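Fold and geometry: a report
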Amino acid sequence: MITAVRKPLEEIMGFAAPYSRVLLLGCNECVTVCYAGGRKEVGILASALSMAFLKEGKKLDIVEQTLERQCDPEYVEEIAQTIDQYDAVFSMACGCGVQTVAGRYKDKPVFPMVNTMFMGASERQGVWAERCAGCGECVLGRTGGICPVARCSKRIFNGPCGGSTKGKCEIDPGVDCAWQLIWDRLKALGRTDLYSEIMPAKDWRSAKDGGPRRIVREDLLS
Amino acid sequence: MAWADKLKSNEFAVVAEMETPKGVDISDFVAAARQLKGRVDAVLIPDMSFAVMRLGALSGAVVLKQQGLEPIVQFSCRDRNRLALQADLLGAQVLGVTSVMAVAGEPVAMGDHLDAKPVYDLTPASFLEAAAGMAKGLDLAGQELKGKPKFCLGARIEPWADDAELAQRLTEAKAAVAKGASFLVAPAVFDLEAFGEFMKQAKGLGVPVIAGVLLLKSVGMARYLNQNLPGVAISEATIRRIRSASDRTAECVKIAAETIKGLKPLCGGALIITAGWEDRLPEILDASGL
Ligand code: SF4
Ligand code: SF4
């Protein structure tokens, strides 16, 4: 999923300053799962904002709503009838959702309420970690299911750098060395042969480095 | 004369662009350089333009310096992060190369290493900031340098397709000058009248504008530029002139020379770009009366 964390209240208050009535818009997908921008967080932020404004002797009218998916035009259409009632939209979705709303309602200012972080997975309750950098050419089949692009600090291939010590990355002793994990897993799988195969210099075109990407599925085009 | 002094002299500056070779055989490069000695004020060395891997610009600059030419080195932000760019700025300084300018760099997709990972850590504007900071003795991290480098900084005015874009370019150029650029390199000129109009606005920038003069090589190239380069409009009259000439290359040299002459009263100098035809530079200079 896409992970996010809520922006500091002061920053959000800065966005709100020129407005008197805003739509605080949550999303039911990734940001709900990582407790950053779902229905519950919409409620929490709405109260926090209202209180902060009251304290300053001001009033901000906040209407709460949560869409099924803000990155999907179909659901974003749901606010078409009511959008004119608001001065601005405060989106609690990830960057994809914010942009879908902003792209649909061009004359309405849309502000992000969260900092979108990474594609990751939950390690345990309250902890999420980066797992995939969307490089567009997945190598997990050769690396024991552990991603060197997302999980190695240097995004290197063909084994660890010299800074790998006792399974930890030189960037921080709290960070596992991805290549140690890869090696351990390949050993457990009896596939160290994959490790000895040198991977050629990666083709970064399929990653973000080739420019903004899109997927076109001819079979689904209407 | 050092490039910085030339800029202060208010005389029309003549700069030739020279691509470094793709490989280590520098004989043609040196031969072309020798022909330019005493005839141009500086030589601008692009940094792997169009993302084609070749001998590094700084190395090329040192070779040119050994030949008695005054190099201006381009730094592409595409290939190096802020550590490497600053390190090479220091490197340039200790090698006696002081005139530098940054370019964003054409995308990797245009070049010959399509699978490369581009960097784009700094922009040309933040590069200027870095260089200006270094001249004050501090790097981008705020750390003190041992010895302060002294640069003559330039910046490029990117092409524009319409008036709105031109306004944006002028704003960028103004910011570059405020950040320390002491010369500006404008896109290739094919329409002197339009360029004259541009210069009316660019005069206020307060530093010499060096206009590009791109040697056309064929009718095909002219048509390609018209279609693919923003703001380029090579007239049908020019294209007809090339097509009907008995010696087309000589005609192209003549056209370039006329542009250079036409630029003299308009701006601070000309940057002659031959894109691989460096051996034609002396002819162009002859025809321009330079
Ligand atoms: S190799 Fe690429 S696609 Fe596969 S998990 Fe890593 S970043 Fe994601
Ligand atoms: S220690 Fe391991 S994870 Fe860290 S940079 Fe080196 S190889 Fe990558």
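The structure this text deals with has already been given above.
Residues numbered from 1 in each chain as written. Chains lettered and ligands numbered in written order. Predicted model: local features only at pLDDT ≥ 70, side-chain atom pairs only at ≥ 80, totals over all residues.

Our focus in this paragraph is the sheet that holds strand S2 (residues 21-27) of chain A. Residues and elements named next belong to chain A. What the 4 strands build is an open sheet, ordered S3-S2-S4-S5; its pairing is parallel. Each of the sheet's edge strands pairs with one partner strand only, and the pair in question is strand S3 (61-67) and strand S5 (110-112). Across the sheet, the mean angle separating the axes of adjacent strands is 25 degrees when strand polarity is ignored. Across 4 bridges, the pairing between S2 and strand S4 (residues 88-91) is parallel. Residue leucine 25 lies in a different strand from S4, and its bridge partner there is serine 91. Sheet strands in contact with helix H3 (residues 39-55) are S2 and S3, and its direction is about 170 degrees off that of S3. (Pairing = 2+ DSSP bridges. Helix = DSSP H or I, 4+ residues; strand = E, 2+ residues; numbered from the N terminus. Axes fitted to C-alpha atoms, helices over the stretch in contact; angles between N-to-C directions. Contact = placed C-beta atoms within 7 Å.)

What follows deals with the site of ligand 1. Inspection of the region around ligand 1 gives A:Cys132, A:Ala133, A:Gly134, A:Cys135, A:Cys138, A:Val139, A:Leu140, A:Cys147, A:Val149 and A:Ala150 as its neighbouring residues. Grouping the amino acids of the shell around ligand 1 by side-chain chemistry returns 9 nonpolar, 1 polar and no charged. (Near = placed C-beta within 6 Å. Nonpolar A, V, L, I, M, F, W, Y, C, P; charged D, E, K, R; others polar.)

Among all residues save glycine, negative phi is the norm, and among peptide bonds the norm is trans. All names here are of chain A. Within the chain, tyrosine 35 stands out as a residue other than glycine whose phi angle is a positive 55 degrees. Structurally, the position occupied by tyrosine 35 is in the loop between helix H2 (30-33) and H3. Exposure remark for tyrosine 35: the 16 C-beta atoms within 10 Å place this residue in the partly exposed category. At asparagine 158, a position not held by glycine, the phi torsion is positive, near 65 degrees. (Buried ≥ 20, exposed ≤ 12 C-beta atoms within 10 Å, placed from the backbone.)

Let's shift gears to the site of ligand 2. In the vicinity of ligand 2 lie 14 residues, with A:Cys152, A:Pro160, A:Cys161, A:Cys169 and A:Cys177 positioned nearest. Of the residues belonging to the shell around ligand 2, the class tally is 9 nonpolar, 3 polar and 2 charged.

Looking now at the packing of helix H10 (residues 248-263) of chain B against helix H11 (residues 281-288) of chain B. Residues and elements named next belong to chain B. Contact geometry for H10 and H11: axes closest at 8 Å, N-to-C directions at 50 degrees. Comparing the axis directions of H10 and H11 gives the class oblique. Note that H10 runs across H11; the crossing there is right-handed. For the pair H10 and H11, the contacting residues are Val253, Lys254, Ala256, Ala257, Ile260 and Lys261 in the first and Glu283, Ile284, Ala287 and Ser288 in the second. Each residue belonging to the contact of H10 with H11 can be placed in one class, and the counts come to 6 nonpolar, 1 polar and 3 charged. (Parallel < 35°, antiparallel > 145°, perpendicular 65-115°, else oblique. Left-handed = near helix turned anticlockwise from the far one by under 90°.)

Right, let's talk about the interface of chain A and chain B for a bit. Each side of the interface is counted separately: chain A has 6 residues, and chain B has 7 residues. Class assignment for the residues of the side of chain A that touches chain B results in 1 nonpolar, 2 polar and 3 charged.

Counting 85 residues, the largest nonpolar core has B:Val15, B:Val43, B:Leu184, B:Ile210, B:Ala211 and B:Val213 as the members making the most contacts within it. Per-element tally for this core: the top contributor is H10(B), with 7 residues. Ignoring sequence-local partners within four residues, the contact set of B:Val15 consists of B:Val40, B:Asp41, B:Ala42, B:Val43, B:Leu44, B:Ile72, B:Ile210, B:Gly269, B:Ala270, B:Leu271 and B:Ile272. Core analysis: the second largest hydrophobic core is formed by 34 residues, A:Val22, A:Val42, A:Met92 and A:Val110 among them. (Core = buried A, V, L, I, M, F, W, Y, C linked by C-beta atoms within 7 Å.)

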